[in-house]
Structures are given as structure tokens and as C-alpha cells.
Amino acid sequence: MTRAIDDYVATLRRELDFDRALADRLASEVEDHLREAAEADPAWPSPEAERCAVERFGLGREIAAEFAADAIDRQARRTWITLAVTVAVTFVAMRLRVIWLDDGAGPDLAPLIDRYAFVAALTVGVVAWFAFRRSLAAFAICLGGLVASIGAGIVRADLFANGAPLHVLLSAAGEIALVGVLAFHVIGLGRRLRRTAELRRVGR
Amino acid sequence: MLKGHLDAIVLAALEAGPAHGYAIIETIKQRSAGTFDLPEGTVYPALHRLEQGGLLSSAWTTPANGRRRRIYSLTKAGVAALNERRKAWGRFSQAVDTALAGGRA
């Protein structure tokens, strides 16, 4: 007896390496499908019945490429939501720092970076929302702008050197955590875009 | 061209009741009398997409053969989407029929 079904399922699981939960779920589903199809074949039980079931199912790479393309849309949506929340929180935290702390304690360059990096991130985000919903470059620029803005905000307020109040430190920690989540989503989107391109290239 | 309508065809295949992937493909083949001869695996991305969109729900079961099986069902939103797509298809096919008929009618 050949192992056509086992081999196919193992290959499909590898192709879906961009989403382990999906790979596990689909491997079980596809195995059930292929075994039922093979058992319904007049040639069952035989290696030929398994081979025919696999052939009728289609190329694993093409199926994985479709899943990867759908995953990009979901990941882009998650990234947009995180970006919007991070921009809003960063803006509020920036304004609160001005109210809470005496401005101008840090280096001269910090206020400029704080303001203009945020404005740049916001501008790129707004333009990308209308023009390039799945652009990794746009997300990366927004992320860079927010990191620069938050970093400059922290330097500007001299948070760690002067022992700032707890609520100020907590707001900065919240911003840093959100940027971390955003970076995680941007990296995830990049990985899915690259994987989809690979699957489509080899599938042709 | 069929791929663009696959989601609606899958929804229609589940209208009679819950089913697993293999049964859905078999229903589609039977209803189309073999005309829709897609690779069987094509149905899984569509099922997943429809479930993500809230038009289907699914759950694992273990039938007598002991193999785990995922069963899909239409949700209320899925029933509404199917009715909407049927209407849209009716309008579209009528328009194509009229256009193709040309001056013959």
C-alpha cells in the first residue's frame, strides 16, 4: 500500500506553516475527505484509489495559496485596528504628558521628533488607508513614526531620569505595549505576504 | 468564472442541512451533473472564508468510523446572504440572457 494520502496531508501541513492552528485543523479535515474519497473509489482498497483521491483534490500549494491570500486580508484588518488604537492612545498620552509634566526638560531635538514623527505616521496612515490597504511599507513607516514619536516623548519628558509619577510611567508603558502589538502584527503581515508570493510563484 | 460564484454555490449546498466538506463537493457535483468539475480541495478555502465571515458555523464530530469530521451549517446570516446572492444572480443572468439574445427576441 502506498502512502499517497499521508504524504499529501504532510505536504499540505508544511505549506500552511504560516498558520499552525489552520494547518492542524485542515490536515484532519483533508485526511478525512481523502480517505472517504478513496473508500468510495471502485478500486478501493488499492494504492490507485488513494492516488486518484489525491489527484482529484488538487495541488496542495494552490489550496495553501488561497488560504494565505485570505489570511492576508484578516491580518491587514487586525493591523489596521491596532494602528488606529495605537495612534489614538499615542496622541492622548502625548497631550497628557504636556499637561502632567514641565515641558522642555529634555534635549531640544526631542520635541520636534515627538511632534513630526507622529504627524508623519498619521499622514502615512491616512494616505495608506485610502490608497494601499495592504501595503507593508506603509505599515512599516507608520510603525517607525510611532516608535520615534513615543521614544522622543519619553526622552522629552525625561521620564526615567527624573523619576516621573506612576500614572505618567504607566501611560508610556501602555504606548510601548501597543507599539509592540503593532510590530507583531506588521511582522505577521510581512510573513503572510511573503509566503503567499512564494506559494503562487511555485504553484505556477 | 465559477470561482467567483463558489461561495454562493457552497452556501446553497448547505441549505438542505449540515454537511462535511466531502458531502458538500458531492452535492455540488450532483447538482451540476458534473459540469462544475473543480479540484475538490477548492471548497475548503471557501468554507473557511464563509465561516470567518459568519455565514457558516462548524463543529467537530466523530462518526462511527472513528475519524474526526468537521460539519458545517448555515447561520442566519448565511441564509440571508444566500437569498441575497440568489436575487443578484437572477438579475445578472437575466441581463446576460437579454444581451446575448440580441435582435432575435
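Preceding block: the structure.
The structure contained in this document is the topic of the report that follows. What you are looking at is a predicted structure, and each value in this text was computed from that prediction instead of being measured.

Observations concerning the overall build of chain B
Moving on, step 1. Scanning chain B from terminus to terminus reveals four helices and three strands.
Moving on, step 2. Considering only C-alpha atoms, chain B reaches an extent of 60 × 30 × 20 Å along its principal axes.
Moving on, step 3. By residue count, 27% of the 105 residues in chain B fall in the buried class.

Structural notes on unusual backbone geometry
Moving on, step 1. In this chain, Trp 44 of chain A is followed by Pro 45 of chain A through a cis amide linkage whose omega measures 0°.
Moving on, step 2. With respect to the secondary-structure elements, Pro 45 of chain A resides in the loop between helix H2 (20-40) and helix H3 (47-57).

Considerations on the interface of chain B and chain A
Moving on, step 1. Contacts between chain B and chain A engage 15 residues on the former and 16 residues on the latter.
Moving on, step 2. For the side of chain B that touches chain A, the elements supplying multiple residues, two or more each, are helix H2 (21-31), helix H3 (43-52) and strand E3 (69-74) of chain B.
Moving on, step 3. Split into classes, the residues belonging to the side of chain B that touches chain A amount to four nonpolar, five polar and six charged.

Description of helix H4 (residues 76-101) of chain B
All names here are of chain B.
Moving on, step 1. Taking 1.5 Å per residue, 26 residues should reach 38 Å; H4 reaches 38 Å between its end C-alpha atoms and fits that length.
Moving on, step 2. Turning to H4, its buried residues number three or more, namely Gly 78, Ala 81 and Leu 82.
Moving on, step 3. In this structure, the buried residues of H4 make contact with helix H1 (6-13), H3, strand E2 (56-61) and E3.
Moving on, step 4. Within two residues after H4, Gly 102 carries a phi angle of roughly 55°, on the positive side.

A look at the pairing of E3 of chain B
All names here are of chain B.
Moving on, step 1. For strand E1 (residues 19-20) and E3, the ladder comprises two bridges, and the chain directions are antiparallel. Within E3, the position partnered with His 20 by the bridge is Ile 71.
Moving on, step 2. Of the pairings in the sheet, the one linking E2 to E3 comprises six bridges and is antiparallel in character. By the bridge assignment, Ser 57 is partnered in E3 with Ser 73.

Looking at the packing of H1 of chain B against H3 of chain B
All names here are of chain B.
Moving on, step 1. Between H1 and H3, the shortest axis-to-axis distance is 10 Å and the interhelical angle comes to 80°. As summarised for this structure, H1 and H3 are arranged roughly perpendicular, according to the angle between their axes. Together, Leu 6, Asp 7, Val 10 and Leu 11 of H1 and Val 43, Ala 46, Leu 47, Arg 49 and Leu 50 of H3 make up the contact between the two elements.
Moving on, step 2. Partitioning the contact of H1 with H3 into residue classes produces seven nonpolar, no polar and two charged.

Some words on the sheet that holds E2 of chain B
Moving on, step 1. Strand order in the open sheet formed by three strands is E1-E3-E2 (chain B), with antiparallel pairing between adjacent strands. Every interior strand has two partners, whereas the edge strands, E1 and E2 of chain B, have only one.

Quick word on the environment of Leu 82 of chain B
Residue and element names in this part refer to chain B.
Moving on, step 1. Within the element layout of this structure, Leu 82 appears in helix H4.
Moving on, step 2. What makes Leu 82 buried here is the crowd of 20 C-beta atoms within 10 Å.
Moving on, step 3. Residues Leu 82 and Ile 28, spaced 54 residues apart in sequence, show a C-alpha to C-alpha distance of 15 Å.
Moving on, step 4. Sequence-distant contacts of Leu 82, that is, excluding residues within four places in its chain, are made with Ala 8, Leu 11, Ala 12 and Glu 15.

Rules used in this analysis
- Residues numbered from 1 in each chain as written.
- Chains lettered and ligands numbered in written order.
- Predicted model: local features only at pLDDT ≥ 70, side-chain atom pairs only at ≥ 80, totals over all residues.
- Helix = DSSP H or I, 4+ residues; strand = E, 2+ residues; numbered from the N terminus.
- Buried ≥ 20, exposed ≤ 12 C-beta atoms within 10 Å, placed from the backbone.
- Contact = placed C-beta atoms within 7 Å.
- Nonpolar A, V, L, I, M, F, W, Y, C, P; charged D, E, K, R; others polar.
- Expected span 1.5 Å × (residues − 1).
- Pairing = 2+ DSSP bridges.
- Axes fitted to C-alpha atoms, helices over the stretch in contact; angles between N-to-C directions.
- Parallel < 35°, antiparallel > 145°, perpendicular 65-115°, else oblique.

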